[in-house]
Amino acid sequence: MAASGGQPRRPEGLGSVERVLLQRFEPFLDVLRASALADWVNPLRQLTLERLQPARHGDLGDWVETLERLSALCLPDPCDSSRVLDQPCVGVAAEQPLSPAVSAQLRQVLEQLHPWRKGPFCLHGIAIDAEWRSDWKWARLADAIAPLPGRRVLDVGCGNGYYGFRALGAGADWVLGIDPTLRFVMQFLALEQLIGAERLAVFPLADDDLPGLCAAAGSQFDTLFSMGVLYHRRDPIQHLARLRDCLRPGGELVLETLVVDRPSDESIVCEPPECERLLDKDAEKQALERRQPGCGPAPAETLIPAGRYARMRNVHAIPSVAVLGDWIRAAGYRDLQLVGLSRTSIEEQRATPWMRFQSLADFLDPNDPSLTIEGHPAPVRALLLAQRAG
Ligand SMILES: C[S@@+](CC[C@H](N)C(=O)[O-])C[C@H]1O[C@@H](n2cnc3c(N)ncnc32)[C@H](O)[C@@H]1O
């Protein structure tokens, strides 16, 4: 790993775990230093170092060993491999398949990073069938968002970076992912080593870090993804406002989150006037008032689960699309567009050999899959776009 001047970088006074890990981010930071995002380098480096202290996670030492085991494998030269970023299964393949022994070693290394929540990935013949068919979510948004060529993308709560790879595959200039869950950052580092992606990185940061970062480095992103994060935040409007401050004026927010609205079908691709009605609180209220008795439960405007929601502990609020629209406008966005609603199915989120814990099928009422095991409406997700106002 060489610094820009060709000299090996030797951070002084750092413990071996954070030193080894920090070095993995240096090539990206070096490329960033020479770009319009140069002001991000120092604050990103400083925060990353803080988050990689061994005291922050008991498994960090093991993960470093796993990554080093990966580095030691006799894998094909990246120059003789082709990477795939624009297909559902993101990955890399060489002309010559791996020998059975090396393939078994690679599988073992990747299994040490279980559970794989986001995917799929196809890595030298090993297919990581992750818990989520993240490619389905990408397919819902890919044609709806502003075309990515030339755009700088920030993906907040990006998991292992699946969507970042897809964004690069769709022509994005840069993708900066942040996620506070260190296991997912380690998965990204393994993927990055195998696939290679100089203009994508996943940093171990959270949305709370954004105000400082964007104040120091500027509001420079053209597209900002927040997918599957909003309902985990205690103050959703604050989350949205923090994202706004990182977008350039007119930049695009791509928001995907749980809502209480019930599509009549498994999924609806929104077209006016249905979508306009869903985003309009008065129209929604009138529709509720017109509702006949016996037509099923009326959607509450915001569900605040008293305990867990689909076994998740940290789900704070699930709004209707109309309430969500109000939150987005209050946070400083305009030109809202509802792209669609989709009911999460047990085919999209499920246990697999790469995610062996319980999954959605275990979190739904066995007698009524339209309800969670706690009796709440089962997950429905809305995908919305909005522009930063001003
Ligand atoms: C349900 S997953 C969604 C992952 C991915 N964005 C997707 O749509 O598939 C939520 C992600 O948000 C991350 N997360 C949790 N709290 C966060 C925070 N405060 N800031 C940013 N990300 C957060 C979690 O680690 C997790 O990877």
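Residues numbered from 1 in each chain as written. Predicted model: local features only at pLDDT ≥ 70, side-chain atom pairs only at ≥ 80, totals over all residues.

### Side note on the overall build of the chain
Convention followed: Under the scheme used here, helices are H or I runs from DSSP no shorter than 4 residues and strands are E runs no shorter than 2 residues, and both carry numbers assigned from the N terminus. We compute the radius of gyration over the C-alpha atoms and compare it with the globule rule, which gives 2.2 Å times the number of residues raised to the power 0.38. Here exposure depends only on C-beta density: within 10 Å of a residue's C-beta, 20 or more other C-beta atoms make it buried, 12 or fewer make it exposed, and intermediate numbers make it partly exposed, the C-beta atoms being placed from the backbone.
Of the regular secondary structure elements, the chain holds 13 helices and 18 strands. In terms of overall dimensions, the chain is globule-like: its C-alpha atoms have a radius of gyration of 22 Å, near the 21 Å expected for 390 residues. Based on the C-alpha atoms only, the size of the chain along its principal axes is roughly 70 × 45 × 40 Å. The burial tally for the chain puts 41% of its 390 residues in the buried class.

### Concerning the sheet that holds strand β12 (residues 267-269)
What counts is decided by this rule: By this definition, two strands are paired if DSSP reports at least two bridges between them. In this description, a line fitted to the C-alpha atoms serves as the axis of each element, helices being fitted only across the stretch in contact, and the angle between N-to-C directions of two axes falls anywhere from 0 to 180 degrees. Distance between backbone-placed C-beta atoms decides contact: two residues are in contact if it is within 7 Å.
Taking strand neighbours across the sheet as the criterion, the eight strands line up as β9-β8-β7-β10-β11-β18-β15-β12 in an open arrangement whose pairing is mixed. Each edge of the sheet is formed by a strand with only one pairing partner; in this case those strands are β9 (200-203) and β12. Sheet twist, expressed as the mean angle between neighbouring strand axes with direction ignored, is 20°. Where strand β10 (residues 221-227) and strand β11 (residues 247-259) come together, six bridges link them in parallel fashion. In the strand pairing of β11, Phe 221 is matched with Leu 247. Across the sheet, helix α12 (residues 321-330) touches β11, β15 (333-343) and β18 (380-388), and the angle it forms with β15 is around 150°.

### As for the pairing of strand β2 (residues 90-94)
Taken together, the four bridges between strand β1 (residues 81-84) and β2 define a ladder with antiparallel strand orientation. Bridged to Arg 83 within β2 is Val 92. Counted between consecutive antiparallel strands, the loop separating β1 from β2 contains five residues. Sheet topology places β2 next to strand β4 (residues 121-123); three bridges connect them, and they run parallel. Among the inter-strand pairings, Val 90 is bridged to a residue of β4, identified as Phe 121.

### Quick word on the domain arrangement of the chain
Cut-off, in case you're wondering: Note: domain ranges come from an automatic or database domain assignment.
Here the domain parsing of the chain yields domain 1 (16-132 + 141-205) and domain 2 (208-290 + 299-390). Between domain 1 and domain 2, the C-alpha centre-to-centre distance is 26 Å. The interface of domain 1 with domain 2 comprises 29 residues on the first partner and 34 residues on the second. Where the side of domain 1 that touches domain 2 is concerned, the elements lending two or more residues are α2 (41-51) and β7 (152-156). Among the elements that take part in the side of domain 1 that touches domain 2, β7 stands out by supplying five residues, more than any other.

### Focus: the sheet that holds β2
If you walk across this open sheet you meet the four strands as β1-β2-β4-β5, and the pairing is mixed. Edge strands, defined here as strands with exactly one partner in the open sheet, are β1 and β5 (126-128). The sheet shows a mean angle of 15° between the axes of neighbouring strands, taken without regard to direction. Seen against the sheet, helix α7 (residues 182-195) touches β1, β2 and β4 and runs at an angle of roughly 40° to β2.

### Regarding unusual backbone geometry
Here the bond from His 114 into Pro 115 is cis, since omega is 5°, no more than 30 degrees from zero. Within the fold, Pro 115 resides in the loop between α4 (100-111) and β3 (118-119). A cis amide bond links Gly 119 to the next residue, Pro 120, at an omega of 10°. By secondary structure assignment, the location of Pro 120 is in the loop between β3 and β4.

### Focus on helix α5 (residues 134-142)
Stated formally: The arc in question is formed by the directions pointing from the helix axis toward the C-beta atoms.
Here α5 has its buried residues at Ser 134, Asp 135 and Lys 137. Summarising the axial view, the buried residues of α5 lie within an arc of 155°, below the 170-degree limit, and thus occupy one face. Check the buried side of α5 and you find it contacts β3, β6 (132-133), α6 (162-169), β10 and β11.

### A few points about the site of the ligand
To keep it simple, the criterion reads: All residues are tested the same way: a C-beta atom is placed from the backbone, and lying within 6 Å of a molecule or strand makes the residue near it. Lys, Arg, Asp and Glu make up the charged group, whereas Ala, Val, Leu, Ile, Met, Phe, Trp, Tyr, Cys and Pro make up the nonpolar group; the residues left over, Gly among them, are polar.
Close contacts around the ligand come from 18 residues, with Gly 157, Thr 181, Ala 206, Met 227 and Gly 228 the closest. Taken together, the residues of the shell around the ligand sort by class into eight nonpolar, six polar and four charged.

### Quick notes on the nonpolar core
The tendency in soluble globular proteins is for nonpolar side chains to be buried side by side. We apply this condition: Core membership is restricted to buried Ala, Val, Leu, Ile, Met, Phe, Trp, Tyr and Cys residues, and these are joined into a nonpolar core through C-beta atoms within 7 Å.
Formed by 103 residues in total, the largest nonpolar core has its most connected members in Val 153, Leu 224, Leu 253, Val 259, Ile 328, Leu 338 and Leu 384. Sorting elements by how many residues they give to this core places α7 first, with nine residues. Residues lining this core come from more than one domain, with at least three contributed by each of domain 1 (16-132 + 141-205) and domain 2 (208-290 + 299-390). If we skip the residues at most four places from it in the chain, Ile 328 touches Leu 240, Tyr 333, Leu 336, Leu 384 and Ala 386.

### Describing the packing of helix α1 (residues 16-33) against helix α3 (residues 60-72)
Convention followed: Any angle that falls under 35 degrees is termed roughly parallel, while one over 145 is termed roughly antiparallel, one within 65 to 115 roughly perpendicular, and all others oblique. Two helices that cross are described as forming a left-handed crossing if the nearer one is turned anticlockwise from the farther one by less than a right angle, and a right-handed crossing if clockwise.
Remark: α1 packs on α3, axes separated minimally by 10 Å, with the N-to-C direction vectors making an angle of 45°. Classified by the angle between their axes, α1 and α3 sit oblique to one another. Considering the relative orientation of α1 and α3, their crossing is left-handed. Of the residues in α3, those touching α1 at Val 17, Val 20 and Leu 21 are Leu 60, Gly 61 and Val 64. Considering only residue class, the contact of α1 with α3 consists of five nonpolar, one polar and no charged.

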